[in-house]
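Notes for the structure review
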Amino acid sequence: MSEVVEHIRDAMIKGELKAFYQPQYDSITSRLKSAEALARWVRNDGIVVPPMAFIPELERTGNIAEVDWYICEVVCRLLKRQIAEGGKQVPISVNFSRFHVRESNFALKLSELVDKYELSHDLLEVEITESAMVNESDRILDWIKSIRNAGFSVAIDDFGSGLSSLSFAKDVPADILKIDRSLLSGNCENEKERIVLECIFSYANRLGLMTVAEGVETREQLEFLRTCDCKKIQGYIFAKPMPEEEYIELCKTHTKIEKTADILQAQAPASAVNMLMSVIFKKYPLIIFANLTRNSFYMMAYENFTSTSCPSTGVFDELIMHGASTMHPEDKEIFAQTFAREKLLQDYKDGKKEVRLITRQLGDDGVYRKVETVDYFVKSESSNDVITITLCENRD
Ligand code: C2E
Ligand code: CA
Ligand code: CA
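Everything numeric in this text was worked out from a predicted model, so none of it was measured. (Residues numbered from 1 in each chain as written. Chains lettered and ligands numbered in written order. Predicted model: local features only at pLDDT ≥ 70, side-chain atom pairs only at ≥ 80, totals over all residues. Heavy atoms only, no water.)

A few points about helix α9 (residues 219–227)
Condition: Burial classes follow relative accessibility: with a 1.4 Å probe on protein chains only, a residue under 20% of its type's maximum area counts as buried, one over 50% as exposed, and anything between as partly exposed. Every helix listed is a DSSP run of H or I at least four residues long, and every strand listed is a run of E at least two residues long, numbered separately from the N terminus.
All of the buried residues along α9 are Q221, L222, F224, L225 and R226. Phi turns positive, to about 65°, at D229, one or two residues after α9.

Following this line, the structure appears as structure tokens:
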């Protein structure tokens, strides 16, 4: 057994292996939302040994799994204590290394441990790194599903540190995406880096994933993350990882009296835009983004609109034919003429800003309803393509 492994085994027996807790805050209200448990070896001479001094070796020798379970149990004890003392508690995430993906009955084992302390499962989050997921890609989906079925949340750690693709993250049924701090280099002053971050957050938000930015140190980073609609912040700007007693105090004081910030003042532009979008989606059950130049479209929103369902993306000319087929017989022709692609391109050339038409459309219940279709022309920022945004609204 290597020296490091021996030291850590010994530290576990003596209770010198501890969990430090780093809080995670709501990016807008700065309220305490959750925390991450991070291993520390607190030697009897008071020296605190960081995980990087022992975790890589434990991983190499395959001994990391027992440390993870040990830390997880330390976390359960802390949560139990907070409940017993009547204090506030927030969910805590625990790091699990890739070895656990191969552990049979991981979810069951976790459930048994958490149940031993009579804790609600939503107080525990399982963190697994993006690289571990990629390395275990054939097992990972079932592993995550089993954990979530047992009522725990799953976080993808170190997202963006380089190994996985966006498409992989889409297939992983995780709850939380933790954005690696390497993506926050400097003060987010490089435009290309900002674009990458904006895209990652927009993508995560649209997939319904909770987002946490790690390693946030500066005011500039924080402000930028707010505009990206990043939900939670973990980093030195708010708090460093701290020992248990300090964390318990923080939970007691912090969650008790924090008053809600004025939402309009606190509101970041990007999340304001998202709210605006949700209102627009409510008002218009059908919204189509079309590139007339390229004869393509996709549905931005499509809700129980007509009796016949329509492909969510495809060829624009076919979309208009499909649209016409759902109209009242007397409206079919005018619809097809008004929204024919060549005609719209000509309208755009003629300087028109929009094209609108009211038709009768067949609903799910077999009844015709008046529907207003408005095509707004917008200029593509990146090409000379002619784009339309179509908003459809019931007029009955
Ligand atoms: P991690 O999971 O990515 O944890 C976040 C690391 O970033 C922590 O380092 C934390 O102290 C550090 N950090 C947080 N905010 C800031 C910031 O604003 N600036 C900077 N520069 N750093 C920040 P820590 O505690 O040294 O842990 C290092 C790594 O060790 C963790 O990275 C995790 O991969 C691993 N680790 C820690 N505890 C455990 C454990 O119980 N099990 C396993 N398997 N791995 C663990
Ligand atoms: Ca982590
Ligand atoms: Ca991380």
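Moving on from the coordinates now.
Looking at the pairing of strand β2 (residues 32–42)
What counts here: Strand pairing is assigned whenever DSSP detects at least two bridges linking the two strands.
Burial runs high along β2: 9 of the 11 residues are buried. The pairing of strand β1 (residues 17–26) with β2 spans 9 bridges and is classified as antiparallel. Among the inter-strand pairings, Q24 is bridged to a residue of β2, identified as S34. Connecting β1 to the antiparallel partner β2 that follows it, the hairpin turn spans 5 residues, and S30 within it adopts a positive phi of roughly 60°. As paired elements, β2 and strand β4 (residues 92–95) share 3 bridges and run parallel to each other. Each bridged residue has a counterpart across the sheet, and for E36 the counterpart in β4 is S93. Here β2 pairs with strand β3 (residues 48–49) via 2 bridges, running antiparallel. Across the sheet, W41 pairs through a bridge with V49, a residue of β3.

Some thoughts on the packing of aromatic side chains
Applied cut-off: A pair of Phe, Tyr and Trp rings is counted when the ring centres sit within 6.5 Å of each other, with Trp represented by its six-membered ring. The angle between the planes then sorts it: under 30 degrees is stacked, over 60 is edge-to-face, the rest tilted. Any Lys NZ or Arg CZ found within 6 Å of a ring centre and within 35 degrees of that ring's normal is scored as a charge over the ring.
Tallied over the full model, the rule gives 9 aromatic pairs. Plain terms: the ring middles of Y25 and F238 are 4.8 Å apart, the flat faces sit at 50° to each other, and that makes the pair tilted. Of this pair, Y25 sits in strand β1 while F238 is found in the loop between β9 (232–234) and α10 (244–257), placing the two residues 213 residues apart along the sequence. Residue Y25 is classed as buried on the basis of its relative accessible area, which comes to 5%. These aromatic residues form a ring-pair network of at least three members: W69, F96, F106 and W143. Stacked on the ring of Y236, the Lys or Arg K240 has its end atom at 4.7 Å from the ring centre.

Points about the confidence of the model for the protein
We apply this condition: Confidence of the predictor in every single residue is expressed as pLDDT, which spans 0 to 100. In this description, contact between two residues means that some pair of their heavy atoms is separated by no more than 4.5 Å.
Of the residues in the protein, 93% reach a pLDDT of 70 or more, and the chain-wide mean stands at 89. Within the model, pLDDT remains below 50 along residues 256–260, and this stretch shows 4 contacts once partners closer than five positions in the same chain are excluded.

Considering the packing of helix α3 (residues 64–84) against helix α4 (residues 106–116)
Applied cut-off: Every angle, taken between N-to-C directions, lies between 0 and 180 degrees, and every axis is a line fitted to C-alpha atoms, over only the stretch in contact when it is a helix. Crossing handedness is defined as follows: a turn of the near helix away from the far one that is anticlockwise and smaller than a right angle gives a left-handed crossing, while the clockwise case is right-handed. Gly falls in the polar group here, along with every residue not listed as nonpolar (Ala, Val, Leu, Ile, Met, Phe, Trp, Tyr, Cys, Pro) or charged (Asp, Glu, Lys, Arg).
In the contact formed by α3 and α4, the axes pass within 9 Å of each other and the chain directions differ by 35°. By crossing handedness, the relation of α3 to α4 is classed as right-handed. Only F106, K109, L110, L113, V114 and K116 of α4 make contact with α3, whose side of the interface consists of W69, C72, E73 and C76. Among the residues forming the contact of α3 with α4, the class breakdown is 7 nonpolar, no polar and 3 charged.

Some points on the coordination of the calcium ion (ligand 2)
Quick note on the threshold: Water is absent from the atoms considered, so a metal site may look incomplete; donors are defined as N, O and S atoms within 2.8 Å of the metal, or 3.2 Å for Na, K and Ca.
The coordination sphere of the calcium ion (ligand 2), as far as protein atoms go, consists of E36 (OE), N95 (OD1), E127 (OE) and D157 (OD), spread over 2.1 to 2.3 Å. Read in sequence order, the donor residues coordinating the calcium ion (ligand 2) give the pattern E-x58-N-x31-E-x29-D. Between the two metals, the calcium ion (ligand 2) and the calcium ion (ligand 3), the spacing is 4.0 Å, and D157 donates to both. In this pair, N95 sits in strand β4 while E127 sits in strand β5 (residues 124–129), placing the two residues 32 residues apart along the sequence.

Observations regarding the layout of surface pockets
Using the following cut-off: Residues are called lining when one of their atoms sits within 4 Å of a cavity or pocket point, these points coming from a 1 Å grid over the protein atoms alone, where a cavity is a set in which a 1.4 Å probe fits but cannot get out and a pocket is an open set with protein on both sides within 12 Å along at least five of seven lines. Grid points are joined across faces, edges and corners, and a volume is the space filled by probe spheres set on the points.
What the largest pocket holds in volume is close to 1,100 Å³. If you trace the largest pocket, you find 39 residues lining it, with E36, L38, M52, N95 and D157 closest to the centre. Breaking the lining of the largest pocket down by element, the ones donating at least two residues are β2, α2 (55–61), α3, β5, α5 (130–135) and β6 (153–159). Broken down by class, the residue content of the lining of the largest pocket amounts to 17 nonpolar, 9 polar and 13 charged.

Notes on the coordination of the calcium ion (ligand 3)
Each pair of donors in an ideal four-coordinate tetrahedral metal site encloses 109.5 degrees, whereas pairs in an ideal six-coordinate octahedral site enclose 90 or 180 degrees. With distances of 2.2 to 2.4 Å, the protein atoms coordinating the calcium ion (ligand 3) are D157 (OD), D158 (OD), E214 (OE) and E214 (OE). As a motif over one chain, the donors of the calcium ion (ligand 3) read D-D-x55-E.

Notes on the packing of helix α1 (residues 3–14) against α3
The criterion, for reference: For this classification, under 35 degrees means roughly parallel, over 145 means roughly antiparallel, 65 to 115 means roughly perpendicular, and everything else is oblique.
Look at α1 against α3: their axes get within 11 Å of each other, and the N-to-C directions meet at 20°. Here α1 lies roughly parallel to α3, going by the angle between them. When the axes of α1 and α3 are compared, the crossing they make is left-handed. Of the residues in α3, those in contact with I8, R9, A11 and M12 of α1 are E66, V67 and Y70. In terms of residue class, the contact of α1 with α3 is built from 5 nonpolar, no polar and 2 charged.

A word on the site of ligand 1
So the rule is basically this: Any residue with at least one heavy atom within 4 Å of a molecule or strand is counted as near it. By the criterion applied in these results, polar contacts are pairs of N or O atoms within 3.5 Å in which, for protein atoms, one can donate a hydrogen and the other can accept it, and in which residues neighboring in sequence qualify only through two side-chain atoms. For the accessible areas, the method is Shrake-Rupley and the probe is 1.4 Å, while residue cover comes only from the protein chains on display.
In the vicinity of ligand 1 lie 23 residues, with Q22, R40, D68, E217 and Y236 positioned nearest. Between ligand 1 and the protein, one listed contact pairs a nitrogen atom with a backbone N or O atom of A39 at 3.0 Å. Here ligand 1 has 800 Å² of accessible area as a free molecule, and 86% of this is covered by the chains. Elements that contribute at least two residues to the shell around ligand 1 include exactly β2, α3 and β6. Per-element accounting of the shell around ligand 1 gives the leading share, 4 residues, to β2. In the shell around ligand 1, the residues fall into 10 nonpolar, 5 polar and 8 charged.

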